[in-house]
Amino acid sequence: MRIETIKVYQVHLPVKGDAYRMASGTVQDLDSTLVEVTTEDGLSGWGETCPVGPVYQPQHALGARAAIAEIAPGLVGEDTTSMRRLAKRMDERLNGHNYAKAALDIALLDLAGQRLGVPVSTLLGGALTDRVPSYYSTIVGEPDETARIALDKVKAGYPRLQIKIGGRDLEQDVATVHKVWEAVGFKARIAVDANRGLTVAATLHIDRLCQAIPFVFEQPCNTMEEVANLKGRVAHPVYLDENTEDLNAVLRAISSGIADGFGLKVTRLGGLTKMATVRDLCAIRSLPHSCDDAWGGDVIAAACVHLAATVEPRRFEGAWIAQEYIEGHTDPVNPVVIENGHIRVPQTPGLGVKPERSRLNAPVATF
Ligand code: 0XW
Ligand code: MG
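Everything numeric here is computed off the predicted structure, so don't read it as measured data.

Visitor: Is there a simple way to think about the sheet that holds strand 7 (residues 136-137) in this case?
Guide: Strand pairing in a sheet relies on backbone hydrogen bonds, with the paired strands running either antiparallel or parallel. The six strands are arranged 7-8-9-10-11-12 in an open sheet whose pairing can be described as parallel. Of all the strands in the sheet, just strand 7 and strand 12 (261-262) have a single pairing partner and so form its edges.

Visitor: Sorry, what's going on with the pairing of strand 1 (residues 3-14) here?
Guide: When a strand is regular, its side chains alternate between the sheet's two faces. The pairing of strand 1 with strand 4 (residues 29-39) spans 11 bridges and is classified as antiparallel. Of the residues in strand 4, the one forming a bridge with tyrosine 9 is leucine 34. Sheet topology note: the strand 1/strand 15 (residues 365-366) ladder contains two bridges and is antiparallel. Counterpart to lysine 7 in the pairing with strand 15 is threonine 366.

Visitor: Quick question: what am I supposed to make of the environment of leucine 62 here?
Guide: For leucine 62, the position within the fold is in helix 1 (residues 61-71). Leucine 62 sits 182 residues away from threonine 244 along the chain, and the two C-alpha atoms are 22 Å apart.

Visitor: Quick question: what am I supposed to make of helix 1 here?
Guide: In an α-helix, one turn spans 3.6 residues; hence positions three or four apart end up facing the same way. Of the residues making up helix 1, those classed as buried are Ala61, Gly63, Ala64, Arg65, Ala67, Ile68 and Ile71. On its buried face, helix 1 sits against strand 1, strand 4, strand 5 (44-49), helix 2 (83-93) and helix 3 (98-116).

Visitor: Is there a simple way to explain the site of ligand 1 in this structure?
Guide: What surrounds ligand 1 is a group of 16 residues, the closest being Tyr56, Gln162, Asn195, Asp241 and Ala294. Between ligand 1 and glutamine 162, the relevant distance is 2.8 Å, taken from an oxygen atom to a side-chain nitrogen or oxygen of the residue. Compared with its free state, where it exposes 300 Å², ligand 1 has 100% of that area covered by protein. For the shell around ligand 1, the secondary structure elements donating two or more residues are strand 2 (20-22) and strand 8 (160-164). A breakdown of the residues in the shell around ligand 1 according to their chemical character gives seven nonpolar, three polar and six charged.

Visitor: Where do I start with the nonpolar core in this structure?
Guide: Soluble globular proteins tend to pack their nonpolar side chains together in the buried interior. In this structure, Tyr20, Val132, Leu161, Phe262, Leu272 and Trp295 are the most contacted members of the largest nonpolar core, which totals 96 residues. Of the residues forming this core, the biggest block, nine residues, is contributed by helix 11 (residues 298-308). The residues contacting leucine 161, other than those within four sequence positions of it, are Tyr136, Ala150, Lys153, Val154, Val180, Val184, Ala188, Arg189, Ile190 and Ala191. Counting 19 residues, the second largest nonpolar core, distinct from the first, contains Ile68, Ile71, Leu94 and Leu111.

Visitor: Looking at this structure, how should I read the confidence of the model for the chain?
Guide: Mean pLDDT over the chain stands at 97; residues scoring 70 or higher make up 100%. For this predicted complex, the interface score ipTM comes out at 0.98, alongside a pTM of 0.97.

Visitor: What is the right way to read the coordination of the magnesium ion (ligand 2) from this model?
Guide: The expected angle between donors at a tetrahedral four-coordinate metal is 109.5 degrees. At an octahedral six-coordinate metal it is 90 or 180 degrees. Around the magnesium ion (ligand 2), the protein contributes the donor atoms Asp193 (OD), Glu218 (OE) and Asp241 (OD), which lie 2.0 to 2.2 Å from the metal centre. Between the donor residues of the magnesium ion (ligand 2), the gaps in sequence give the motif D-x24-E-x22-D. Here glutamate 218 is found in strand 10 (residues 215-218), whereas its partner aspartate 241 is found in the loop between strand 11 (238-240) and helix 9 (247-256), with 23 residues between them in sequence. The burial state of glutamate 218 is the same as that of aspartate 241; both residues are buried.

The rules behind each value
Throughout this description, residue numbers start from 1 for each chain and increase along the sequence as written. Just so you know, chain letters begin at A and ligand numbers begin at 1, following the order they were written in. At least 70 in pLDDT is required for a residue's local features to be given in this predicted model, at least 80 for side-chain atom pairs to be given and counted, and no such filter applies to totals for whole chains, interfaces and linings, which use all residues. Computation of side-chain values covers all heavy atoms of the structure but excludes hydrogens and water. Strands qualify as paired when DSSP identifies two bridges or more between them. Helix and strand labels come from DSSP, where a helix needs a run of H or I of at least four residues and a strand needs a run of E of at least two; each type is numbered from the N terminus. Buried means the residue's accessible area, taken with a 1.4 Å probe over protein chains only, is under 20% of the maximum for its type, while exposed means over 50%, and partly exposed covers the values in between. Between two residues, a contact is recorded if the distance between any of their heavy atoms is within 4.5 Å. Only a single heavy atom is needed: when it lies within 4 Å of a molecule or strand, its residue is near that molecule or strand. Here a polar contact is taken to be a pair of N or O atoms separated by no more than 3.5 Å, where protein atoms must pair a possible hydrogen donor with a possible acceptor and residues adjacent in sequence count only if both atoms sit in side chains. Calculation of accessible area relied on Shrake-Rupley with a 1.4 Å probe; when residues are assessed, cover is drawn exclusively from the protein chains displayed. Only Asp, Glu, Lys and Arg are considered charged, only Ala, Val, Leu, Ile, Met, Phe, Trp, Tyr, Cys and Pro nonpolar, and every remaining residue, Gly among them, polar. By nonpolar core we mean a set of buried residues, namely Ala, Val, Leu, Ile, Met, Phe, Trp, Tyr and Cys, connected to one another through side-chain atoms within 4.5 Å. The pLDDT value expresses, per residue, how confident the predictor is, ranging between 0 and 100. Note: metal donors comprise N, O and S atoms at 2.8 Å or less from the metal (3.2 Å for Na, K and Ca); water molecules are not included, so apparent gaps in a site are possible.

Pasting the structure below:
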């Protein structure tokens, strides 16, 4: 079946309540891009990409739409039978820009799933579970308040917490980690995410001052080289997030042994097809990882959950979706929701979500 049109929609996703504060930047209103790929028989597949502001990663919303404008005309008229041909076509149109290609990859898998009558998780190798754990991510905040939120979220059923630190006095970061641990103890697994905001020296100090607390450090420093410098010097395991900019970076991190696990983002890596490769690479070295995206609505949430369902549960660190921080759903009929800290895996063909047209503005581009 051939691709007839590709439509691009812009969706504003304001942050509910306080701004979302990370060491690398504060965001209040996110700009998401949805793509709708329609084939000549009238079937539509949806994809989404939503960078969490312009400084979290070297990606931004306007960049996503510009890259899609470069790629999409080359896909119109193409047959959808071979995902590999379509991926090759995308690479022939534009070098890099994984996060834009990701939206198209997700939409094409949604289409393939609907056509074959199977959920996207089946196309990714098959689900191991029908319900995946999520994790709650705090913002960089005052230690007592962060500990209070952490305990609340554990009571709400989250099996894992990601505590944001960095970009402020060491004393505040150390106090936050201690207070969270005193509040929740072994009731939840803890990741401490500095979003590239610490120096090697600060990481070493936090490591020593919180030595007995069983947490994993997530992306403590800016570059992979700085993180490599921590090897053998810190007591806590170290996970990479932002540095996993593409499959080669993941391969480098795994082969050099500098990462004990990963916080993975579907769009950064180029979509679900590439994420499935990373999932399998991690399996070879028994490395734990999450399946998240930086931000976005129901479409990207569903994509994360389908991949999450295919990961060996004992190594799975959770699927983070933005639901706790955004108002409403693009698919109010079959929204992707967190219940007791977990998310049900959609069982219907394709992604199992469809943005409600009345909630979308007119497309910003049509190819
Ligand atoms: C918790 N997240 C998945 C949401 C924000 O985009 C930051 C991110 C992270 O782990 O860094
Ligand atoms: Mg992170």
